[in-house]
Amino acid sequence: MPKNEGFRSRNYQLINQFTNHLDFSDGARLEYDPVRLEEDFNGDQLDPTWNVFADGAGGGLVRVANNGIFELRTGGANDDTVQLSHQTNWRCADEGTSGLQTDRVVFEAIVAIATITTVNVQVGFADQIWYAGQRLPFADPDVPNAFCADAVVIGFDTDGAVNTNLTGLANANGTTQALDLTDAFVAGEYIALRIEIDVLGNADFYINGTYRGTIATAVTPETLLTPYIGIQERAGQAVRNIGIDYVRCYKSRNYTGQTFAATTTTTSSSSSTTSSSSSTSSSPSSTSSSSSTSSTSSSSSTTSSSSSTSSTPP
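Please read these numbers as outputs of a predicted model, since none were measured by experiment. Every residue gets a number counted from 1 within its own chain, in the order that chain's sequence is written. With the structure being a predicted model, the display of local features is reserved for residues of pLDDT at least 70 and the display and counting of side-chain atom pairs for 80 or more, all residues being used for whole-chain, interface and lining totals. Side-chain measures were taken over the full set of non-hydrogen atoms in the model, leaving aside hydrogen atoms and water.

Helix and strand assignments come from DSSP, with helices taken as H or I runs of at least 4 residues and strands as E runs of at least 2, each series counted from the N terminus. On a plain count of helices and strands, the chain comes out with 1 helix and 20 strands. Counting across all 314 residues of the chain, residues that qualify as buried make up 46%. The contact definition used throughout considers only heavy atoms, calling two residues in contact when any of these lie within 4.5 Å. Taking as baseline every contact in the chain between residues at least 6 positions apart, the subset at least 24 positions apart corresponds to 67%. Here the term buried applies to any residue with accessible area under 20% of the maximum for its type, exposed to any over 50%, and partly exposed to those in between, with areas from a 1.4 Å probe on protein chains only.

The structure is reproduced here in structure tokens:
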């Protein structure tokens, strides 16, 4: 085909406008939104940059033996929780002001819950890697009293009396809001959840790619947030489970407006200590990896014990 020089010129101009969103990788591959975290859970072990905290006997992280799935599994007591988080490195204050879809901090996850009774699930951005005292970032979906200072999540909580669907929950430095997203989990079925936050802290919510609404000033733009998934057992004596297929966060690389100043405090990364003692409800375990697999047959079901390391969370 003959080359269309005019078309090539327009494409070059378009690319030139979005250099902060584009990255040329090895092999001249063009990548969009070069600041990104992508986890497909394909390994036998969870990457050590992730954190898992469980309170209650038997709760933790389990690797499922197929399709790159990790499972958060609660203990069986009321309000037992398991929380998965990464690092508090994400904020929307650095984004552009064009109003384009590109000027966003984005969280995406594909998850499924096995049972949709007596369960509380919260998925999104949070300001802590772990919430103590058998808590998730928000206490409930109706009047969302918050244990976080800043967070925006998509929640589903069977304790809700008004907001019984998937609900957008937000707290911007003490100002909490809730938004009915008019969709719901189906037991055992995966669902794609996405939150996009602009430079002002406004959050758009998407379910399976469909826009479901916006919470204005959902978070404080300067607050550093972490990708977060939490599950909590509600009002019963049954274990609750959430399967996690995929987590992705991405944003533009806006460095021109940022500054650097030398710090006076020296920090170094240190490996966590491990112990063989079982966790207690007052000191939840931090699980860095698990290699449990499950297999079933028509006559019996065999589950191997998960191996994990534990330490007292910070």
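Here the narrative resumes, following the displayed structure.
The subject of this paragraph is the confidence of the model for the chain. Chain-level statistics for the chain give a pLDDT mean of 79 and a share of 70% at 70 or above. pLDDT measures how confident the predictor is about each residue, on a scale from 0 to 100. Below pLDDT 50 for its whole length, residues 269-283 participates in 13 contacts with residues either more than four positions away or in separate chains.

Formed by 46 residues in total, the largest nonpolar core has its most connected members in Leu-72, Leu-84, Val-111, Phe-125, Val-152, Leu-166 and Ile-229. With 5 residues, the single largest contributor to this core is strand β8 (residues 105-113). Contact partners of Val-111, with chain neighbours within four places excluded, come to Phe-185, Glu-189, Tyr-190, Ile-191, Leu-193, Ile-229, Ile-242, Gly-243 and Ile-244. Core analysis: the second largest hydrophobic core is formed by 9 residues, Tyr-131, Ala-151, Val-153 and Leu-169 among them. To define a nonpolar core, start from buried Ala, Val, Leu, Ile, Met, Phe, Trp, Tyr and Cys residues and group those joined through side-chain atoms within 4.5 Å.

Turning our attention to the pairing of strand β12 (residues 175-180). Strands are treated as partners if at least two bridges between them are detected by DSSP. In this structure, strand β11 (residues 167-172) lies alongside β12, joined through 6 bridges in antiparallel fashion. Bridging across to β12, Ala-170 finds its partner in Gln-177. Between β11 and β12, which pair antiparallel and follow one another directly, the connecting turn spans 2 residues, one of which, Asn-173, has a positive phi of 55 degrees.

Attention now goes to the environment of Ala-170. Structurally, Ala-170 can be placed in strand β11. The sequence separation of Ala-170 and Ile-154 amounts to 16 residues, and the corresponding C-alpha distance is 8.9 Å. Those residues in contact with Ala-170, other than ones at most four positions away along the chain, are Phe-138, Ala-151, Val-152, Thr-175, Thr-176, Gln-177, Ile-215 and Ala-218.

On to the side chain of Asp-204. Relative to the assigned elements, Asp-204 resides in strand β14 (residues 203-207). Looking at Asp-204, the relative accessible area reads 12%, which means it is buried. Among all residues touching Asp-204, those that are not within four sequence positions of it are Arg-104, Arg-194, Ile-195, Glu-196, Tyr-211, Gly-213 and Thr-214.

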